[in-house]
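Survey of secondary and tertiary structure
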Amino acid sequence: MNKLTLTAPAKLNLFLHINDRRADGYHELESLFTMLDFGDELRFELIDQNEIFICGDVAGINKEDNLIFKAANALLPYRKVKKGVNVHLTKHLPMGGGVGGGSSDAATTLLALNTLWGCSLSIQDLAELGLKLGADVPVFIHGKTALAQGVGEELTPFEYPEKWYLVIAPGVHVSTVKVFTDPDLPRSTPKLKTPWKMAETRNDCEELVKKLYPEVEKTLTWLLKYAPSRMTGTGSCCFAVFDDEQTALRVLQEMPSSWQGFVAKSARESITHKQLATWLNKEK
Ligand SMILES: C[C@](O)(CO)[C@H](O)COP(=O)(O)OP(=O)(O)OC[C@H]1O[C@@H](n2ccc(N)nc2=O)[C@H](O)[C@@H]1O
Ligand SMILES: Nc1ncnc2c1ncn2[C@@H]1O[C@H](COP(=O)(O)OP(=O)(O)OP(=O)(O)O)[C@@H](O)[C@H]1O
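Remember, it's a predicted structure, so these values are computed and weren't measured experimentally.

Conventions used here
Throughout this description, residue numbers start from 1 for each chain and increase along the sequence as written. Going through the entries in the order they are written, you letter the chains from A and number the ligands from 1. For this predicted model, a pLDDT threshold of at least 70 governs which residues receive local features, and a threshold of 80 or more governs which side-chain atom pairs are given and counted, while totals over whole chains, interfaces and linings are taken from all residues. As a rule here, side-chain values cover all heavy atoms of the structure and leave hydrogens and water aside. An axis is simply a line fitted to the C-alpha atoms; with a helix, the fit covers only the stretch in contact. Between two such axes, the angle follows the N-to-C directions and lies from 0 to 180 degrees. Here a helix means four or more residues in a row that DSSP labels H or I, a strand means two or more in a row labelled E, and each is numbered from the N terminus. Put simply, a crossing is left-handed when the front helix is turned counterclockwise from the back one by less than a right angle, and right-handed when it is turned clockwise. The criterion used for residue contact is that any of the two residues' heavy atoms lie within 4.5 Å. Gly counts as polar in this scheme, as do all residues outside two lists: the nonpolar Ala, Val, Leu, Ile, Met, Phe, Trp, Tyr, Cys and Pro, and the charged Asp, Glu, Lys and Arg. Working definition: residue near molecule or strand if any one of its non-hydrogen atoms lies within 4 Å of it. Pairs of N or O atoms within 3.5 Å make up the polar contacts considered here, provided that, within protein, one atom can donate a hydrogen while the other can accept it, and that residues adjacent in sequence are counted only when both atoms are side-chain atoms. To be clear on the numbers: accessible area is Shrake-Rupley with a 1.4 Å probe, and residue cover counts the displayed protein chains and nothing else. What fixes the domain bounds is an automatic or database domain assignment. UniProt positions are given in the numbering used here, feature names are shortened, and annotations may be inferred rather than shown by experiment. Buried area adds together the accessible area that both of two parts lose upon being put together, with accessible area traced by a 1.4 Å probe. What counts as a salt bridge is simple: a side-chain nitrogen of Lys or Arg found within 4 Å of a carboxyl oxygen of Asp or Glu.

Two elements in contact, helix α1 (residues 67-75) and helix α2 (residues 101-116), have axes separated by 8 Å at closest approach and are oriented at 35 degrees. Seen along the crossing, α1 lies across α2 with a hand that is right-handed. From α1, Leu-67, Ile-68, Ala-71, Ala-72 and Leu-75 reach across to α2, where they touch Gly-102, Ser-103, Asp-105, Ala-106, Thr-109, Leu-110, Leu-113 and Asn-114. Residue composition of the contact of α1 with α2, by class: 8 nonpolar, 4 polar and 1 charged.

Next up, the structure:
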């Protein structure tokens, strides 16, 4: 019960509507989140020293700012085992790319240490703890394709077919705060009325981000030649949707070399939860 390796998956916002701005500056939004079978790798190992260590791909982030550290710290009051932890991070997800890498690392840390440290918090408790670390953390804790409302914390599981996605990171870092504070961001999309259709949805941040970051516009224009495509979150990553892996891989091969990309399948249940269940079965 000392070691555990988990994948912290990427998320995509299949659409993102902004309905309103609240008095505290946060935005009321509606978004369909799905998780991909691709992400960062986190290796957890309990240690006798009463410390939280993070190693691996940590360059550019101070330990105290790392969401892995913040998540581990948030669980300390619930720890039943007097052990520290060493977390080894292998980063595969682009930072600030709108695929939620930091939030996913945080959620994966909460899920892993809840088990390794014997905290026994419920998924709901972990989601509440996670929300304090970032608006996207709860969706990774629940680990299901879901419609998010409120500021992103009201989650309703949503049945959506599994598809193949080609995700491209155009190599520009988009600041989420900058997008959400821009006066030109549309903020009054009416709330969804059921039944709604995917074809009637969009990403409300896309036009603004395309204008601010021409590389994002270039990426979307390129992807749209091959398949229906959109930006995820506040960017900069863009995705194209395919019914099969081969076609997605063929397009990836044609991608300009200045961009980075990957092909992955969406999953109704997050890969982290599947891996955790397998590990728990083995440890029984
Ligand atoms: C828009 C999304 O990318 C959709 O996945 C996320 O909800 C953003 O999630 P995140 O990066 O985890 O966001 P946070 O770290 O909580 O917030 C970053 C900043 O985004 C803005 N923000 C975020 C979420 C939200 N519902 N309204 C906002 O206005 C706020 O300015 C906030 O300071
Ligand atoms: N473990 C981590 N991995 C990535 N970023 C982290 C981590 N810890 C802290 N951060 C900080 O969080 C910022 C946003 O990272 P992240 O990769 O989650 O952005 P994002 O994909 O745009 O997220 P979102 O879609 O939720 O807005 C980074 O610029 C970085 O400074």
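With that settled, consider the site of ligand 1. What surrounds ligand 1 is a group of 16 residues, the closest being Lys-11, His-27, Ala-135, Asp-136 and Val-151. Within the side chain of Lys-11, an N or O atom sits 3.0 Å from an oxygen atom of ligand 1. In this structure, Ala-135 approaches ligand 1 through a main-chain N or O atom, which is 2.9 Å from an oxygen atom. Against a free-state accessible area of 640 Å², the protein chains account for coverage of 82% of ligand 1. Contributing elements (two or more residues each) for the shell around ligand 1: β1 (3-21), β2 (27-47) and α5 (176-181). Across the shell around ligand 1, the residue classes break down as 7 nonpolar, 7 polar and 2 charged. Counting contributing residues, the shell around ligand 1 receives three or more from each of domain 1 (3-159 + 270-283) and domain 2 (164-267).

The next point concerns the site of ligand 2. Near ligand 2, the surroundings consist of 20 residues, among which Lys-91, Gly-98, Gly-100, Gly-102 and Asp-136 are the closest. Leu-67 is positioned such that a nitrogen or oxygen atom in its backbone is 2.9 Å from a nitrogen atom of ligand 2. In the model, an oxygen atom of ligand 2 is placed 3.1 Å from a nitrogen or oxygen of the Val-99 main chain. When isolated, ligand 2 has an accessible area of 620 Å², and the protein chains bury 80% of it. Looking at which element gives the most residues to the shell around ligand 2, the answer is α2, with 4 residues. Grouping the constituent residues of the shell around ligand 2 by class yields 5 nonpolar, 10 polar and 5 charged.

Right, let's talk about the UniProt feature "domain: GHMP kinase C-terminal" (unreviewed entry) in the protein for a bit. In the UniProt entry, the feature "domain: GHMP kinase C-terminal" (unreviewed entry) is given for residues 203-259. With 46% helix and 14% strand, residues 203-259 has its two end C-alpha atoms placed 21 Å apart.

Domain annotation of the protein identifies domain 1 (3-159 + 270-283) and domain 2 (164-267). For domain 1 versus domain 2, the separation of C-alpha centres amounts to 22 Å. On the side of domain 2, 35 residues touch domain 1, which itself brings 33 residues to the contact. Carbon and sulfur atoms supply 63% of the area buried between domain 1 and domain 2, which totals about 2800 Å² over both sides. A per-residue breakdown of the area domain 1 buries against domain 2 is headed by Leu-16, His-17 and Ile-18, which together make up 21% of the total. Run the count over domain 1 and domain 2 and you get 1 salt bridge. Across the pair Lys-191 and Glu-28 runs a salt bridge, and its minimum N-O distance is 3.6 Å. The interface formed by domain 1 and domain 2 holds 19 residue pairs in polar contact (both at pLDDT 80 or more) in total.

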